[in-house]
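Now for the letters of each chain:
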Amino acid sequence: LQEMLEDEAEVKALCNRNKLASNEIDVPVVLLQSGKTFDLDFSVKVNTEQLNVSSGGSHLLGIAVRCSEYFAAITRTLLVNPTNFEKQAYAWMYSLHKKVA
């Protein structure tokens, strides 16, 4: 995604399709975190360490996008080959989220 946004031709095509000026679109945050170094803050510094997603575990994927005056951020938890403990922890957190939200 970052490479696409650095490609002027891609940005121009995206803006033309959506009737936007090139300065109206920005992706200020793209996160992929894993292992034991999670930080749930969008201002976390990018780590250049390679992630081995295929080996399993819990992974956080987050992205923030600004388009004109609209700003949206979304984060998802990806469980790859989760252990029973990870499944139970996720189910508990999900049920807690449903009660609070």
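Every chain's residues receive numbers from 1 upward, in the order its sequence appears when written. The model is predicted, so local features are restricted to residues of pLDDT at least 70 and side-chain atom pairs to those at 80 or more, both for listing and for counting; the totals for chains, interfaces and linings are taken over all residues. Side-chain descriptors were evaluated using all non-hydrogen atoms of the structure, hydrogens and water having been removed beforehand.

### Topic: the nonpolar core
Here is step 1: In this text, buried Ala, Val, Leu, Ile, Met, Phe, Trp, Tyr and Cys residues form a nonpolar core when linked through side-chain atoms within 4.5 Å. Each residue's exposure class comes from its accessible area (1.4 Å probe, protein chains only) as a fraction of the maximum for that residue type: buried when under 20%, exposed when over 50%, partly exposed otherwise. Within the largest apolar cluster, 5 residues are counted, these being V11, L14, C15, L20 and I25.
Here is step 2: Here the element with the most residues in this core is helix α2 (residues 8-17); it accounts for 3 residues.
Here is step 3: In this structure L20 touches C15 and C67, once residues within four positions along its chain are discounted. For helices the rule is a DSSP run of H or I covering at least 4 residues; for strands it is a run of E covering at least 2, with both sets numbered from the N terminus onward. Whether two residues are in contact is decided by their heavy atoms: any pair within 4.5 Å suffices.

### Comments concerning the sheet that holds strand β3 (residues 70-80)
Working definition: the strands of a sheet are paired by backbone hydrogen bonds and lie parallel or antiparallel to each other.
Here is step 1: Should DSSP find at least two bridges between two strands, the strands are taken to pair. Taken in spatial order, the 3 strands make up an open sheet running β1-β2-β3, and their pairing is antiparallel. In the strand order of this sheet, the two ends are held by β1 (25-34) and β3, each with one partner. Going across the sheet, the axis of each strand differs from the next one's by a mean of 10°, ignoring polarity.
Here is step 2: Inspection of the sheet shows β1 paired to strand β2 (residues 57-67) by 8 bridges, in the antiparallel sense. Bridge pairing links L31 to G62 in β2. Working convention: axes come from line fits to C-alpha atoms, limited for helices to the stretch in contact. Angles between N-to-C directions cover 0 to 180 degrees.

### Observations regarding a nonpolar patch on the surface
Here is step 1: To count toward a patch, a residue needs a relative accessible area above 30% and no salt bridge. Like charges then connect within 9 Å, nonpolar side chains (Val, Leu, Ile, Met, Phe, Trp, Tyr) within 5 Å. All accessible-area figures derive from a Shrake-Rupley calculation using a 1.4 Å probe, and residue coverage is judged against the displayed protein chains alone. Counted as salt bridges are all cases of a side-chain nitrogen of Lys or Arg within 4 Å of a carboxyl oxygen of Asp or Glu. Judged by side-chain polarity, W92, M93, L96 and V100 come together as a nonpolar surface patch covering roughly 440 Å² of accessible area.
Here is step 2: Within the secondary structure layout, M93 lies in helix α3 (residues 84-100).
Here is step 3: Looking at M93, the relative accessible area reads 45%, which means it is partly exposed.

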